[in-house]
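Geometric and topological summary
Spelled out from the first residue to the last, the chains are:
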Number of protein chains: 2
Amino acid sequence: MVPPPRQRRATQVDIARRAGVSQATVSLVLSGGAVSDQIAESTRQAVLAAAAELGYSVNIAARSLKGGRNHLLGLYTFEPVFPTDQRDFYFPFLMGVEEETARQGYDLLLFSSVSSGDRAIYTGGVNRLKLADGCVLLGRNVRREELAELVREDFPFVFIGRRELPGAELSYVGADYVTATSDLVAELVRLGHRRILYLREPADTEPTRDREAGYRQGLAAAGIEVDESLIHELADPADLSPAFVGHWTGTAGVTAILVEPSEDNRLTTALDATSTAATMRFPDDCSIALLGDPPSWTPELRDWTRFSLPRADMARTAVQILVDLLGDPHGAARQVTLPCSFVPGDSIGPAPDRRWPR
Amino acid sequence: MVPPPRQRRATQVDIARRAGVSQATVSLVLSGGAVSDQIAESTRQAVLAAAAELGYSVNIAARSLKGGRNHLLGLYTFEPVFPTDQRDFYFPFLMGVEEETARQGYDLLLFSSVSSGDRAIYTGGVNRLKLADGCVLLGRNVRREELAELVREDFPFVFIGRRELPGAELSYVGADYVTATSDLVAELVRLGHRRILYLREPADTEPTRDREAGYRQGLAAAGIEVDESLIHELADPADLSPAFVGHWTGTAGVTAILVEPSEDNRLTTALDATSTAATMRFPDDCSIALLGDPPSWTPELRDWTRFSLPRADMARTAVQILVDLLGDPHGAARQVTLPCSFVPGDSIGPAPDRRWPR
DNA sequence: ATCAATTCCTAATACGTATTAATAGGGGTT
DNA sequence: AACCCCTATTAATACGTATTAGGAATTGAT
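Residues numbered from 1 in each chain as written. Chains lettered and ligands numbered in written order. Predicted model: local features only at pLDDT ≥ 70, side-chain atom pairs only at ≥ 80, totals over all residues. Heavy atoms only, no water.

An unreviewed UniProt entry annotates chain A as DNA-binding transcriptional regulator, LacI/PurR family originating from Nonomuraea wenchangensis.

Okay, here's the thing in structure tokens:
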């Protein structure tokens with residue numbers, strides 16, 4: 001009794017023909033519109049029977065063409081999605097986005113931004129993202145012009161991470177780097193540290209700006225004046241050698257270091273090397289804490305003192321906000337900041353009194 | 001000069017009006033049909049300019065309703081995509097699929113199959129996958145009925161991992177478990193082992209069947225008769241305790257073990273515990289090798305002897321095959337098997353002569 | 001018997017795109 | 001000038017569904 005393999009999928013018209021009714025009636029029965037309860041029971045049964053016999057399934061494209069929405073959320077990252085050496089950095093975001101997207105009843109459209117550059121948001125003047133109802137954005141190498149264009153087009157999107165755009169309000173879910181860094185400074189001060197070196201990335205991105213703000217805020221709260229020479233740009237995290245640290249502790253009286261982790265594993269590699277070199281020991285010779293999560297984290301590596309971004313949470317929240325935006329197309333931009341969590345670790349300790357007796 | 005925010009997304013009709021041409025011309029310019037090279041350069045530029053100004057992007061639903069391609073490949077997994085404890089298992093697949101999809105000029109549509117079960121391929125008789133041109137499938141908890149229905153509908157898809165379906169040919173990219181297992185047996189035999197315990201999963205899945213076949217093939221090649229009592233079903237990998245191993249080495253003369261890794265980290269956790277218990281040492285007291293990759297692999301864990309699936313390769317190949325299928329809709333199913341790679345590790349060694357002097 | 005009310009269904013249409021057959025405009029050849 | 005050919009463009013149409021206004025048949029009321 002199995003029907004012969006069809007070339008073409010059965011449509012509502014096929015069902016209508018078979019059941020001797022109109023296509024509109026079929027639609028009403030199968031999709032339960034507002035007036036679907038007016039359908040006579042006998043008719044309903046006939047339609048359902050015909051549908052079952054033909055193995056009908058609705059054509060999503062047609063439905064969403066009619067309805068305007070296709071129940072897809074996009075995820076676009078401004079770098080390759082799955083670079084192996086950054087997997088641990090991105091994975092929680094992906095996980096959170098995927099999870100919440102599914103929970104909201106959407107499917108996830110992954111836009112790839114390969115290095116060749118021809119997979120940007122706008123290719124040939126066409127916005128690829130619009131394939132989705134809305135989009136979550138992610139990544140550091142943001143092309144601001146494209147962001148601005150997205151805002152101009154009124155396309156619904158939410159950035160994971162705080163992003164500011166002059167003259168435009170955009171929605172984002174950020175992490176509270178300021179408070180987290182400030183708290184870390186407070187903790188170091190409590191342990192007796194007064195001269196804290198802050199190693200920042202050269203690039204002037206929002207996270208870095210926030211960390212610096214937190215650094216200043218933490219010192220201010222402790223009544224310590226900022227020594228600008230202790231804010232140092234570290235271009236390559238690999239430079240963080242024992243000699244480098246020794247230089248600062250020796251000549252500048254530094255007793256603690258705050259350093260921004262890189263997305264790759266250069267920093268942790270350097271730290272591990274320094275840590276095992278035995279000429280410089282954390283926290284005995286110098287305390288050190290990371291202003292964020294090191295990537296490629298494994299339980300076996302040393303448990304560095306740090307704060308940790310609520311990545312999965314940020315991602316989930318971003319999706320929720322996006323769905324909100326879709327329901328309220330003309331609402332204002334939503335901006336949320338989530339707190340980071342402090343990870344005590346074992347790389348900070350009381351300040352040694354000897355070098356810089358205050 | 002900024003246009004007022006639009007309610008409605010720009011369509012080809014809007015562009016046509018603005019550029020002073022017809023919708024058909026817009027379609028030809030933007031979608032590059034067969035006769036698209038007949039379009040005058042000036043017209044083309046006008047259309048592209050108008051499209052850019054209006055922030056046009058194609059409506060996927062309309063395009064795919066029309067029957068054209070929408071340049072989306074789907075990825076459907078029969079389990080949650082990003083379960084934390086299985087991340088290392090799935091990540092290489094995702095990475096490979098994403099990479100090759102981008103290279104082929106497609107975007108990736110991630111279908112999620114959350115545990116609640118309402119995100120199956122067919123929900124309410126509707127095949128969700130059809131939003132994509134074709135689909136890569138992945139996962140162990142395969143719902144065979146759904147697979148059969150996909151084949152029946154003639155929907156283009158490729159499974160990562162060998163899957164057999166009675167009465168239907170489907171495309172897949174599998175790993176050569178048979179040869180890999182057989183080679184592992186040969187290596188153990190070369191080291192003097194004669195009684196090799198094979199711990200298999202109870203479920204009768206293709207990978208497990210292949211491993212068992214490889215086990216038998218390896219022994220046959222070495223001229224060793226299979227002792228059926230040495231093929232043992234291990235329901236919970238956590239049961240692999242020192243006492244358990246001791247039992248087999250003591251009472252059954254086993255000198256080597258082949259065990260199927262679980263997707264979670266139960267097996268490696270158990271092995272680590274056993275390994276550090278000091279009452280049982282690998283490979284001194286017993287050799288052991290894994291028939292596949294342990295998940296959550298980190299360099300710090302012990303380097304178990306094993307073979308490794310070419311996961312990223314499998315994924316990339318699957319995408320290539322899928323694209324092939326799309327170009328040749330009525331071609332036969334493609335079935336590819338890729339070789340595994342042997343990872344020497346340090347958990348096998350020469351067989352001890354003492355227990356079972358042969 | 002006439003009209004109103006109710007029940008059940010259908011015709012018509014819109015959604016946005018891709019495609020094909022047809023057409024207008026120009027330039028050449030005789 | 002009549003003809004044809006080539007190029008660049010368009011009108012028309014199909015895809016499958018959801019929705020709405022309205023129509024036919026039936027029932028009920030007077």
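What follows covers the sheet that holds strand β14 (residues 341–343) of chain B. Residue and element names in this part refer to chain B. Strand order in this open sheet of six strands is β9-β8-β10-β11-β12-β14, and the pairing throughout is mixed. Of all the strands in the sheet, just β9 (231–233) and β14 have a single pairing partner and so form its edges. Sheet twist, expressed as the average angle between the axes of neighbouring strands with direction ignored, equals 20°. Relative to β9, strand β8 (residues 196–200) is paired through three bridges, and the arrangement is parallel. The residue bridging Tyr 198 from the neighbouring strand is Ile 231, located in β9. Against the sheet, helix α7 (residues 177–190) engages β8, β10 (256–259), β11 (287–290), β12 (305–308) and β14, with an angle of about 160° to β12. (Pairing = 2+ DSSP bridges. Helix = DSSP H or I, 4+ residues; strand = E, 2+ residues; numbered from the N terminus. Axes fitted to C-alpha atoms, helices over the stretch in contact; angles between N-to-C directions. Contact = heavy atoms within 4.5 Å.)

Our focus in this paragraph is the nonpolar core. In this structure, Leu240(A), Leu258(A), Leu240(B) and Leu258(B) are the most contacted members of the largest nonpolar core, which totals 136 residues. Sequence-distant contacts of Leu258(A), that is, excluding residues within four places in its chain, are made with Leu184(A), Val185(A), Leu188(A), Ile196(A), Leu197(A), Tyr198(A), Leu199(A), Tyr215(A), Ala289(A) and Leu291(A). Core analysis: the second largest hydrophobic core is formed by 57 residues, Leu150(A), Leu170(A), Ala50(B) and Leu137(B) among them. (Core = buried A, V, L, I, M, F, W, Y, C linked by side-chain atoms within 4.5 Å. Buried < 20%, exposed > 50% of the residue type's maximum accessible area, 1.4 Å probe, protein only.)

Moving on to helix α9 (residues 242–252) of chain B. All names here are of chain B. Buried within α9 we find Phe 244, Val 245, Trp 248, Thr 249 and Ala 252. Looking straight down α9, one finds its buried side chains confined to an arc of 125°; they lie on one side. Among the exposed residues of α9, those oriented more than 90 degrees off its buried face are Ala 243, Gly 250 and Thr 251. Residues of α9 that are buried sit in contact with β8, β9 and β10. Trailing α9 by a residue or two, Gly 253 shows a phi angle of about 70°, which is positive. (Arc of directions from axis to C-beta.)

Once that is clear, we can look at the protein's contact with DNA strand C. What surrounds DNA strand C is a group of 23 residues, the closest being Thr25(A), Ala40(A), Thr43(A), Ser31(B) and Tyr56(B). Near the protein, meaning within 4 Å, the atoms of DNA strand C are sugar or phosphate in a fraction of 65%, with bases accounting for the rest. Ala40(A) has a polar backbone atom sitting 2.7 Å from a phosphate oxygen of DNA strand C. A distance of 3.0 Å separates a base nitrogen of DNA strand C from a polar atom in the side chain of Gln23(B). Take the surface near DNA strand C: its biggest share by element is four residues, from helix α2 (residues 23–31) of chain B. (Near = heavy atom within 4 Å. Polar contact = N/O pair within 3.5 Å; in protein donor to acceptor, adjacent residues only side chain to side chain.)

So, about the pattern of salt bridges. Residue and element names in this part refer to chain A. In this structure the tally under the stated criterion is 50 salt bridges over all chains. For Arg 163, the salt bridge identified is with Glu 206, shortest N-O distance 3.9 Å. Of this pair, Arg 163 sits in the loop between β6 (157–160) and β7 (171–175) while Glu 206 is found in helix α8 (residues 206–221), placing the two residues 43 residues apart along the sequence. When sorted by exposure, Arg 163 lands in the same class as Glu 206, which is buried. Between Glu 228 and Arg 216 there is a salt bridge, with its nearest N and O atoms 2.9 Å apart. With Glu 228 in the loop between α8 and β9 (231–233) and Arg 216 in helix α8, the pair connects residues that are 12 residues apart, well separated along the chain. Salt bridges sharing common partners tie together Glu 99, Glu 100, Arg 103, Asp 313 and Arg 316. (Salt bridge = Lys/Arg side-chain N within 4 Å of Asp/Glu carboxyl O.)

On to the packing of helix α7 (residues 177–190) of chain A against α8(A). Residues and elements named next belong to chain A. At a minimum axis separation of 7 Å, α7 and α8 run at an interaxial angle of 40°. One element, α7, and the other, α8, form an angle in the oblique class. Our pair here, α7 against α8, has a crossing hand that is right-handed. Every residue of α8 that contacts α7 at Tyr 177, Val 178, Thr 181, Ser 182 and Val 185 is listed here: Pro 207, Asp 210, Arg 211, Ala 213, Gly 214, Tyr 215, Gln 217, Gly 218 and Leu 219. Partitioned by chemical class, the residues of the contact of α7 with α8 number seven nonpolar, five polar and two charged. (Parallel < 35°, antiparallel > 145°, perpendicular 65-115°, else oblique. Left-handed = near helix turned anticlockwise from the far one by under 90°. Nonpolar A, V, L, I, M, F, W, Y, C, P; charged D, E, K, R; others polar.)

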